[in-house]
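# Observations on chain architecture
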Amino acid sequence: MAHSAKMIVDKDFVIGKVDDRLYGSFIEHLGRAVYGGIYEPGHPAADERGFRKDVLKLVRDLRVPIVRYPGGNFVSGYDWKDGIGPVDSRPSRLELAWRTVEPNRFGLNEFAEWSKAAGSDVMWAINLGTQGPEDARQIVEYANHPAGSYWSDLRASHGYREPHNIKTWCLGNEMDGPWQIGHKTAVEYGRAALESAKVMKWVDPSIELVACGSSALGMSTFAEWEATVLDHTYDHVEYLSLHTYYGNPTNDTPTFLARSLQMDDFIRSVAAICDYVKAKKRSKKRMYLSFDEWNVWFHTHESDKKIEPWQIAPPQLEDIYTMEDALVVGCMLISLLKNADRVKIACLAQLVNVIAPIMTENGGAAWAQTIYYPFMHASLYGRGNALVPLVQSPKYDTTEITDVPYLESVAVYNEETGDITIFAVNRSLDEELSFEADLRSFPACTVVEHLVLENVDLKAVNTAATPGRVAPHAQGNAKSDGSRVTARLAKTSWNVIRLRTPV
Ligand code: AHR
């Protein structure tokens, strides 16, 4: 017996305009993300700068508007000056966050160039672990000041006369975490972030800043951390960050598939804390959220412990993603869309090789993991206004999470093109779902296509040898009848129902 579920949407019930940066990603100097990932001089597909063109194509196909860089935990011990100037004079350093050797052959200027080639903007994270306001103001001057000062002229002497104009900056990374180099209390971090923010904006008032929220909902300092940090920084930053990774270490798939409900809660809680500080300060400003690390991450937790330290670019955090991981990523994307009024930036962590949608072999192939596809679909078709989804769905309980709807769904309407896209996951392990969308304010919908990602084996993966084992097909059976759209959603499937209405 199939489950039945219904979604009602109306073009006047708008959650918010989807900010393009919701489809951002992240490259850290970690494992083979940079070396052997985006940059591999001598690879048959590398251009004259050492950028792998096979990887660039896969990235461009995702239409990633912004990429966070250079970390992550890495950034809290990183001196950005090690990565500028003539490559052969750059130092190799012990990198303490991931216990590797960083050769510094790729740095700020190379990343700015790579981002341009990828069609992305740079989101730069400054080091607030071992550095502070002085380095922060210097890097903004180096990256963004046009000319006529020490750091801007140094950039020009390095071959970059035009400023990079980096708009979005993170004030450190996960500074609440005891694992972080230069871990701080909320007061210590709030002060450092505030003083850095001031001088960075004095150098370039056009930039936007992200303050660190908690590194996970489960941190013992959660909530108090956000409130204290914002107490110091509210008037000086535009965004507060959130990070979340989910895993399925006990093979409890119903719970794993329900994790995005916790993501919804996390977002709502952080928004409430922002509004509390806003009220306390009698501020008129709305604080937005930057979900600048999110993904599934657990497959390599144990194996990574065995990696020998002090190697250059060892294969760290190379999670091989399954079909069920792709469903969780799909649900997380729907969660971000359902909160598009508040979450303006989000970064799938990460982009290449390190917990990533794109994998490579050194000297060899590049291919798409399972999670590539829901991300690509959302990025390509999820731009416009996110519409409030009124969902009526049967629910299930797990030992940890209750009232989990089998149907997870949201719709995005693009007013300019008349495109409506419904993203829907059927969480049921056993039953298909008879789905109906009531699009009452769109009287003449036609189905453009119904894309489906599914596999009989929830543990199926893509590898270099079988890169297409988990890939979407367009054989979904969505039908429209005026404003009523129906479809049968296969068990444990990700669905993209693309509709068109007259504009
Ligand atoms: O993305 C991997 C790591 O996860 C990042 O370096 C850190 O910020 C987070 O804990």
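Thresholds, definitions, all that
- Residues numbered from 1 in each chain as written.
- Predicted model: local features only at pLDDT ≥ 70, side-chain atom pairs only at ≥ 80, totals over all residues.
- Heavy atoms only, no water.
- UniProt positions renumbered as here; feature names shortened; annotations may be inferred.
- Helix = DSSP H or I, 4+ residues; strand = E, 2+ residues; numbered from the N terminus.
- Core = buried A, V, L, I, M, F, W, Y, C linked by side-chain atoms within 4.5 Å.
- Buried < 20%, exposed > 50% of the residue type's maximum accessible area, 1.4 Å probe, protein only.
- Domains from an automatic or database assignment.
- Contact = heavy atoms within 4.5 Å.
- Pairing = 2+ DSSP bridges.
- Axes fitted to C-alpha atoms, helices over the stretch in contact; angles between N-to-C directions.
- Phe/Tyr/Trp six-rings, centres within 6.5 Å; stacked < 30°, edge-to-face > 60°.
- Salt bridge = Lys/Arg side-chain N within 4 Å of Asp/Glu carboxyl O.
- Patch = residues over 30% accessible without salt bridge, like charges linked within 9 Å, V, L, I, M, F, W, Y side chains within 5 Å.
- Areas by Shrake-Rupley, 256 points an atom, 1.4 Å probe, with all protein chains shown as cover.
- Buried area = accessible area lost by both parts, 1.4 Å probe.

Mapped onto the present numbering, the UniProt feature "domain: Alpha-L-arabinofuranosidase C-terminal" (unreviewed entry) falls at residues 292-493. Note that residues 292-493 is 13% helix and 34% strand, and that its end C-alpha atoms are spaced 26 Å apart.

Residues Trp114, Trp124, Trp169 and Trp294 are the most contacted members of the largest nonpolar core, which totals 150 residues. Split by domain, the residues of this core number at least three in each of domain 1 (3-10 + 387-500) and domain 2 (19-381). The contacts of Trp294, once residues within four sequence positions are left out, are Thr244, Tyr245, Met263, Val329, Met332, Leu333, Leu336, Ala346, Cys347, Leu348, Ala349 and Phe375. The next biggest cluster of nonpolar side chains, apart from the first, holds 11 residues, and it includes Ile66, Met123, Ile345 and Ala349.

A few words on the sheet that holds strand E7 (residues 121-125). If you trace the 8 strands once around the closed barrel, you get E3-E4-E7-E8-E9-E10-E11-E12, paired in parallel fashion. Between one strand axis and the next, the sheet turns through 30 degrees on average, direction left out of account. When strand E8 (residues 168-171) meets strand E9 (residues 208-211), the two strands line up parallel, connected through 4 bridges. Of the residues in E9, the one forming a bridge with Leu171 is Ala211. The strands touched by helix H5 (residues 186-203) within the sheet are E8 and E9, with E8 carrying the most contacts at an inclination of about 155 degrees. Along the sheet face, helix H9 (residues 323-338) touches strand E10 (239-246), strand E11 (288-296) and strand E12 (343-349) and points at about 175 degrees away from the line of E11.

This part takes up the packing of aromatic side chains. Taken as a whole, this structure holds 22 aromatic pairs when the rule is applied. A centroid spacing of 5.3 Å and a plane angle of 55 degrees characterise the contact between Trp80 and Tyr142, whose relative ring orientation is tilted. Within this pair, whereas Trp80 is found in the loop between strand E4 (66-69) and strand E5 (93-95), its partner Tyr142 is found in helix H3 (residues 133-144), the two being separated by 62 residues in sequence. A relative accessible area of 3% means that Trp80 is categorised as buried. Residue class for Tyr142 comes out buried when judged on its relative accessible area of 0%. When the centroid spacing of 6.0 Å and the interplanar angle of 90 degrees are considered together, the rings of Phe266 and Phe291 count as edge-to-face.

On to the environment of Asp319, then. Along the chain, Asp319 turns up in the loop between E11 and H9. Classification of Asp319 as buried rests on a relative accessible area of 0%. Discounting chain neighbours no more than four positions away, the residues touching Asp319 are Trp297, Phe298, His299, Thr300, Ile355 and Gln369.

This paragraph deals with the environment of Arg191. Tracing the backbone through its elements, the reader meets Arg191 in helix H5. Put simply, Arg191 and Met359 are 168 residues apart on the chain and 39 Å apart in space, counted from C-alpha to C-alpha.

In this section: the pattern of salt bridges. Inspection of every chain in the model, using the stated rule, returns 35 salt bridges. Glu400 is the partner of Arg259 in a salt bridge, and the nearest nitrogen-oxygen pair spans 2.8 Å. Taken as a pair, Arg259 in the loop between helix H7 (253-258) and helix H8 (260-280) and Glu400 in the loop between strand E17 (395-396) and strand E18 (404-405) lie far apart in primary sequence, 141 residues in all. Asp265 serves as the salt-bridge partner of Arg268, at 3.4 Å between the closest nitrogen and oxygen. Of the two residues, Arg268 and Asp265 both sit in helix H8, 3 residues apart, roughly one turn of that helix. Assessed through its relative accessible area of 42%, Asp265 is described here as partly exposed. Within the structure, one salt-bridge network assembled from shared partners comprises Asp264, Lys338, Glu408 and Arg427.

Together, Phe13, Val388 and Leu390 line one region of the surface with nonpolar side chains, adding up to about 260 Å² of accessible area. Tracing the backbone through its elements, the reader meets Phe13 in the loop between strand E1 (3-8) and strand E2 (14-17). The class of Phe13 is partly exposed, set by a relative accessible area of 48%.

As a further point, take the sheet that holds strand E20 (residues 419-426). In space, the 6 strands of this open sheet follow the order E2-E15-E19-E20-E25-E22, with antiparallel pairing throughout. Two strands lie at the open edges of the sheet, namely E2 and strand E22 (446-453), each paired on one side alone. The mean angle between the axes of side-by-side strands here comes to 20 degrees, regardless of whether they run parallel or antiparallel. As defined by bridge partners, strand E19 (residues 407-414) adjoins E20 across 8 bridges and the pair is classed as antiparallel. Note on E20: the bridge partner recorded for Tyr413 is Ile420.

Another point: the domain arrangement of the chain. Here the chain is described as being made up of domain 1 (3-10 + 387-500) and domain 2 (19-381). With centres defined by C-alpha atoms, the gap from domain 1 to domain 2 works out at 30 Å. Counting residues at the interface gives 42 residues for domain 1, matched by 34 residues for domain 2. When domain 1 packs against domain 2, the two sides together hide about 3100 Å² of surface, and 71% of this comes from carbon and sulfur. If you look at where domain 1 meets domain 2, you find 3 salt bridges.

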